[in-house]
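Architecture at a glance
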Amino acid sequence: MPDGERDPWLLTPGPLTTSATVKAAMLRDWGSRDSRFIAINRRVRERLVEIAGGEESHVCVPLQGSGTFAVEAMLGSFVPRQGKLLILVNGAYGKRMVRMMGYLGRAFATVAAAGRRLLIDAMSAFGALPLDARLVPFDAVAASSNKCFEGVPGIGFVIARREALAAAEGNAHSLSLDLHDQWQAMEKNAQWRFTPPTHVLVAFDQALAEHRAEGGVAGRGQRYRANCKLLVDGMRALGFETLLPNQLQAPIIVTFRMPADPRFVFERFYDRLSEQGYVIYPGKLTVADSFRIGCIGRLGEAEMKGALDAIRRTLAELGVASGAPAGRAAIA
Ligand SMILES: *Cc1c(COP(=O)(O)O)cnc(C)c1O
């Protein structure tokens, strides 16, 4: 394991562990104007709209780049230059949108108001938690290839209400992030405006086939919830405490408070887990001293139990009796 016999399991928010078949899909080269590649591109776009329940009303505009590119493209394309955006900041990515609006030079507010048009960053939920255009009347939702869809990183996409996208012509501040232009070009000749990430797209197509085979959003969400429960129960048994109570915890990534035991040195904990083939995610949260462990990607019961075993071994090595955070009695 430590010497590259297998890839590490990525218990992170992304990039994530992908299946062997998704990786294998990248072993071929594709001409971007070849009819077979064009057919794959069409299939991916249509399937994403279907998953969002938008067949009657929405289109999918994919874009080169990570999820952030899709979010910035969504804001730049949908908020008119004289328009104003209300940002519901519930974490780091809301703060990132505030920064984007600074770059775009557009007005925004972060106080709630009613009866507005809805733009959603569903990056870490779309594909595993339900979102239906017939129930939630969004103008656009941004997500990416490599989170709950378990593709490889490199494509962001926006699922947009057709009329809203048509009305977005001329809004964008940027040629490469202009969703209206990308859409128009793709509608005209079914091709990307600039070099498409061909290998990422065919891997995404394969990942979507596997998503469907698993039972779509319901099946994927079920596996992630089972992963999350195994993880949380196992960590609590070791004394660790989650930042959030169960009723607020989404089955995507779990934040744990840093243990109080002075023998717990996070860098050593992280490195030892990584050497055993389990990559977790250092916390950057300002609200609490914490670290995170993801439940998404091509991981199941065996990998979650393996991670818990590795955590148990590592605590013993470090001489840490309990993962309990400060302010709690250690379970010695
Ligand atoms: C991951 C994530 C992003 C950023 O996506 P990148 O692919 O890292 O650019 C934005 N918003 C949310 C909610 C995310 O989970």
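All right, on to the sheet that holds strand 8 (residues 253-257) then. An order of 8-11-10 is seen for the 3 strands of this open sheet, with the pairing classed as antiparallel. Two strands in the sheet have a free side with no partner beyond their single neighbour: strand 8 and strand 10 (281-282). Here strand 10 pairs with strand 11 (residues 290-294) via 2 bridges, running antiparallel. Residue Pro282 lies in a different strand from strand 11, and its bridge partner there is Phe291.

This brings us to the environment of Gln64. Checked against the element boundaries, Gln64 lands in strand 2 (residues 58-64). You can call Gln64 partly exposed: its relative accessible area is 21%. Linking Gln64 and Leu179, residues 115 residues apart in sequence, is a C-alpha distance of 11 Å. In this structure Gln64 touches Phe69, Gly154, Gln182, Trp192, Phe194, Thr195, Pro196 and Pro197, once residues within four positions along its chain are discounted. A distance of 3.0 Å separates a polar atom in the side chain of Gln64 from the backbone oxygen of Phe194. Polar side-chain contacts of Gln64 include one of 3.1 Å to the backbone oxygen of Thr195.

Quick reminder: α-helices carry 3.6 residues per turn. Residues three or four places apart thus point the same way. Taking 1.5 Å per residue as the helical rise, helix 3 (residues 67-78) with its 12 residues ought to reach 16 Å, and the 16 Å between its terminal C-alpha atoms agrees with that figure. Here helix 3 has its buried residues at Gly67, Ala70, Val71, Glu72, Ala73, Met74, Leu75, Gly76, Ser77 and Phe78.

Turning to the site of the ligand, a few remarks are in order. The local shell around the ligand consists of Ser66, Gly67, Thr68, Tyr93, Arg96, Asp121, Met123, Ser124 and Lys147. Between Ser124 and the ligand, the recorded distance is 3.4 Å, taken from a side-chain N or O atom to an oxygen atom. Between an oxygen atom of the ligand and a side-chain N or O atom of Lys147, the distance comes to 2.7 Å. In isolation the ligand exposes 380 Å². Once the protein is present, 82% of that is buried. Put simply, the parts of the chain that give the shell around the ligand at least two residues each are helix 3 and helix 4 (92-104). Among the residues forming the shell around the ligand, the class breakdown is 2 nonpolar, 4 polar and 3 charged.

A word on unusual backbone geometry. Of note, the bond from Gly14 into Pro15 is cis; its omega dihedral lies within 30 degrees of zero at -5 degrees. In this fold, Pro15 is placed in the loop between strand 1 (9-10) and helix 1 (20-24). Not every positive phi belongs to a glycine, and Glu150 is a case in point at roughly 60 degrees. Tracing the backbone through its elements, the reader meets Glu150 in the loop between strand 6 (138-144) and strand 7 (155-161). We note that Ala190 has phi near 65 degrees; this positive angle belongs to a residue other than glycine.

Turning to helix 9 (residues 266-275), its buried residues number three or more, namely Phe266, Phe269 and Leu273. One face of helix 9 carries all of its buried residues, which in axial projection span an arc of 65 degrees. Each element contacted by the buried residues of helix 9 is listed here: strand 9 (278-279), strand 10, strand 11 and helix 10 (301-318). Looking at the residues trailing helix 9, positive phi occurs at Gly277, about 95 degrees.

Conventions used here
- Here the residue index of a chain counts from 1 through its sequence in written order.
- Reporting of local features is limited, given that this is a predicted model, to residues whose pLDDT is at least 70; pairs of side-chain atoms are given and counted only at 80 or more, and all residues count toward the totals for whole chains, interfaces and linings.
- As a convention, hydrogens and water are excluded, and side-chain values are obtained from all of the structure's heavy atoms.
- Here the rule is simple: two strands pair whenever DSSP picks up at least two bridges between them.
- Secondary structure follows DSSP: runs of H or I at least 4 residues long count as helices, runs of E at least 2 residues long count as strands, and numbering of each begins at the N terminus.
- With a 1.4 Å probe rolled over the protein chains alone, any residue whose accessible area is under 20% of its type maximum counts as buried; one over 50% counts as exposed, and the rest are partly exposed.
- Residues are treated as being in contact if the distance between any of their heavy atoms lies within 4.5 Å.
- For this analysis, a polar contact is any N or O atom pair within 3.5 Å, provided that within protein one partner can donate a hydrogen and the other can accept it, and provided that sequence-adjacent residues contribute only side-chain to side-chain pairs.
- Here, expected helix span is obtained from the residue count minus one, scaled by 1.5 Å.
- Residue proximity to a molecule or strand is established when one non-hydrogen atom of the residue lies within 4 Å of it.
- The protein chains shown are the only cover counted for residues, whose accessible areas, like all others here, come from Shrake-Rupley with a 1.4 Å probe.
- Asp, Glu, Lys and Arg are counted as charged, while Ala, Val, Leu, Ile, Met, Phe, Trp, Tyr, Cys and Pro are counted as nonpolar; the rest, among them Gly, fall into the polar class.
- What the arc measures is the spread of directions leading from the helix axis to the C-beta atoms.

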